[in-house]
Amino acid sequence: MLYIMIIILLLFSIGSLIFYYESKFKNMKASILNPKSSLILKDILKLSIKGEDLYNAAKKIELSIRKYFGFNYCTVYVLEEDKLKIISTNIEEVHHKFIQDYINKLLADLEYEAQIRTSKTTLSYPTAYDRKLQYSYFIPLKSHGKIIGALHIEDKSNKDMDKTSKEFFQIVLENITVAFQNILYQDQLKMDGLKDPLTGAYNKRYLKKRMEDIIDNIETKEYFSLAMLDIDFFKKVNDTYGHEYGDQVLKKVYCAIRGTLAKGQDIIRYGGEEFII
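Everything numeric here is computed off the predicted structure, so don't read it as measured data.

J.: Account for the overall build of the chain, with residues named and values stated.
T.: Each helix and strand in the chain was counted, giving eight helices and eight strands. Buried residues in the chain amount to 34% of all 277 residues. For the chain, the proportion of contacts with a sequence separation of at least 24, taken over those separated by at least 6, is 56%. Of the roughly 18000 Å² of accessible surface on the chain, a fraction of 57% belongs to carbon and sulfur atoms.

In structure tokens, the structure reads:
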């Protein structure tokens, strides 16, 4: 009799598990096959295939999350020099510095983990009260265990996604991370093609692109300056001490110039020993 009871219990447990996973699969299938869900996955996939630049891709990610999930705010960050920097957001510019400082502190405090915060009134971090926020979801984007960026999603209502929506949202986040990683890699390849391999200074291709951007975007009465310099007697250095020694001189000169540049200024290696600032 005891054996019969054990067998019945085992069969009941197995049946319950099968029902649970069938239900879960059906819910996930319905979510994934939902036209809205298919569209966001399609949009994210396009970012990697089309070779979007980082800023355009970040804007599309931000717009997709707000459009398909109905959040009031979405901010996309990229990691630069160990700090998260805003590259796309619909938050008013007056709040940018405060929210960026808060997110970098949060990243360190959470040891690179995600966090959801909710409140029945308003949340208590910088700018949250002014924007009447009740929901905050901070998501670090990781590749091979390293932070490459982050998403910060905010809403004026206390969002409570059901389990299926959360699972699908996780799929979306995984796809965003892959797309983000690919875009960063493509951007790095493009940037490598715009740099002089010896010194690390930008090259003529970059100068052409930069000048076109400046001329296209310059406003009336605005101005910019350009300085050109070369190294005196550089041929004599090469002839006397050899080209390897001359290469070291070029590197040292580049480093010396770079150390004096202000934010927004570039240094280009224009010719053999010629540089443009």
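J.: How would you sum up unusual backbone geometry? Please name residues and give values.
T.: Here the phi dihedral of Glu111 falls at roughly 55°; this positive angle occurs in a residue that is not glycine. Position of Glu111 among the secondary structure elements: in the loop between helix 4 (96–109) and strand 3 (115–118). Taking the relative accessible area as the measure of exposure, Glu111 reaches 63% and is therefore exposed. Despite not being glycine, Phe233 has its phi angle at roughly 60°, a positive value. Topologically, Phe233 is positioned in the loop between strand 6 (228–230) and helix 7 (234–241).

J.: A description of the packing of helix 7 against helix 8 (residues 243–258) should follow, citing residues and the corresponding values.
T.: Across the interface, helix 7 lies against helix 8 with an axial gap of 7 Å and an inter-helix angle of 140°. When the axis of helix 7 is compared with that of helix 8, the two are oblique. Every residue of helix 8 that contacts helix 7 at Phe234, Val237, Asn238 and Tyr241 is listed here: His243, Tyr245, Gly246, Val249 and Leu250.

J.: Please provide a residue-by-residue account of the sheet that holds strand 6, values included.
T.: Within the open sheet, the three strands sit side by side as 6-8-7. Their pairing is antiparallel. Each edge of the sheet is formed by a strand with only one pairing partner; in this case those strands are strand 6 and strand 7 (268–269). In this structure, strand 6 lies alongside strand 8 (residues 274–276), joined through three bridges in antiparallel fashion. Looking at the pairing, Leu229 lines up with Phe275 of strand 8. The strands that helix 8 touches are strand 6, strand 7 and strand 8; relative to strand 8, the one it contacts most, it runs at about 20°.

J.: Summarise the environment of Phe224; cite the residues concerned and give the values.
T.: Along the chain, Phe224 falls in the loop between helix 6 (204–217) and strand 6. Residue Phe224 is classed as partly exposed on the basis of its relative accessible area of 39%. A C-alpha to C-alpha distance of 8.5 Å links Phe224 and Ile214, two positions ten residues apart in sequence.

J.: Can you tell me about the pairing of strand 1 (residues 73–80), naming the residues and giving the values?
T.: The element strand 1 is extensively covered by neighbouring structure, given that six of its eight residues are classed as buried. As defined by bridge partners, strand 1 adjoins strand 5 (residues 146–155) across six bridges and the pair is classed as antiparallel. Residue pairing across strands places Tyr77 opposite Ala150, the latter belonging to strand 5. Pairing of strand 1 with strand 2 (residues 83–89), which is carried by six bridges, proceeds in the antiparallel orientation. Bridge pairing in strand 2 links Tyr77 to Ile86. What sits between strand 1 and strand 2 in their antiparallel hairpin is a turn of two residues, with Glu81 showing a positive phi close to 50°.

J.: I'd love a proper account of helix 3 (residues 54–69), names of residues and values included.
T.: Across its 16 residues, helix 3 extends 22 Å between first and last C-alpha, which sits within 8% of the 22 Å expected from 1.5 Å per residue. Buried within helix 3 are the following residues: Leu54, Ala57, Ala58, Ile61, Glu62, Ser64, Ile65, Tyr68 and Phe69. One side of helix 3 holds all its buried residues, which, seen down the axis, span an arc of 165°. Once helix 3 ends, the next one or two residues include Gly70, with phi positive near 75°.

J.: Could you give me a rundown of the side chain of Asn203, with the residues and numbers involved?
T.: Within the secondary structure, Asn203 is located in the loop between helix 5 (163–192) and helix 6. Side-chain polar atoms of Asn203 contact the backbone nitrogen of Arg205, separated by 3.2 Å. Residue contacts for Asn203: discarding those within four places in its chain leaves Gly193, Leu194, Lys195, Asp196, Ile268 and Arg269.

J.: Quick one: what's the story with the environment of Met211, residue by residue and with numbers?
T.: Along the chain, Met211 falls in helix 6. The class of Met211 is partly exposed, set by a relative accessible area of 22%. In this view, Met211 contacts Phe224 and Leu226; residues no more than four positions away in its chain are not counted.

Parameters at a glance
Residues numbered from 1 in each chain as written. Predicted model: local features only at pLDDT ≥ 70, side-chain atom pairs only at ≥ 80, totals over all residues. Heavy atoms only, no water. Helix = DSSP H or I, 4+ residues; strand = E, 2+ residues; numbered from the N terminus. Buried < 20%, exposed > 50% of the residue type's maximum accessible area, 1.4 Å probe, protein only. Contact = heavy atoms within 4.5 Å. Areas by Shrake-Rupley, 256 points an atom, 1.4 Å probe, with all protein chains shown as cover. Axes fitted to C-alpha atoms, helices over the stretch in contact; angles between N-to-C directions. Parallel < 35°, antiparallel > 145°, perpendicular 65-115°, else oblique. Pairing = 2+ DSSP bridges. Expected span 1.5 Å × (residues − 1). Arc of directions from axis to C-beta. Polar contact = N/O pair within 3.5 Å; in protein donor to acceptor, adjacent residues only side chain to side chain.

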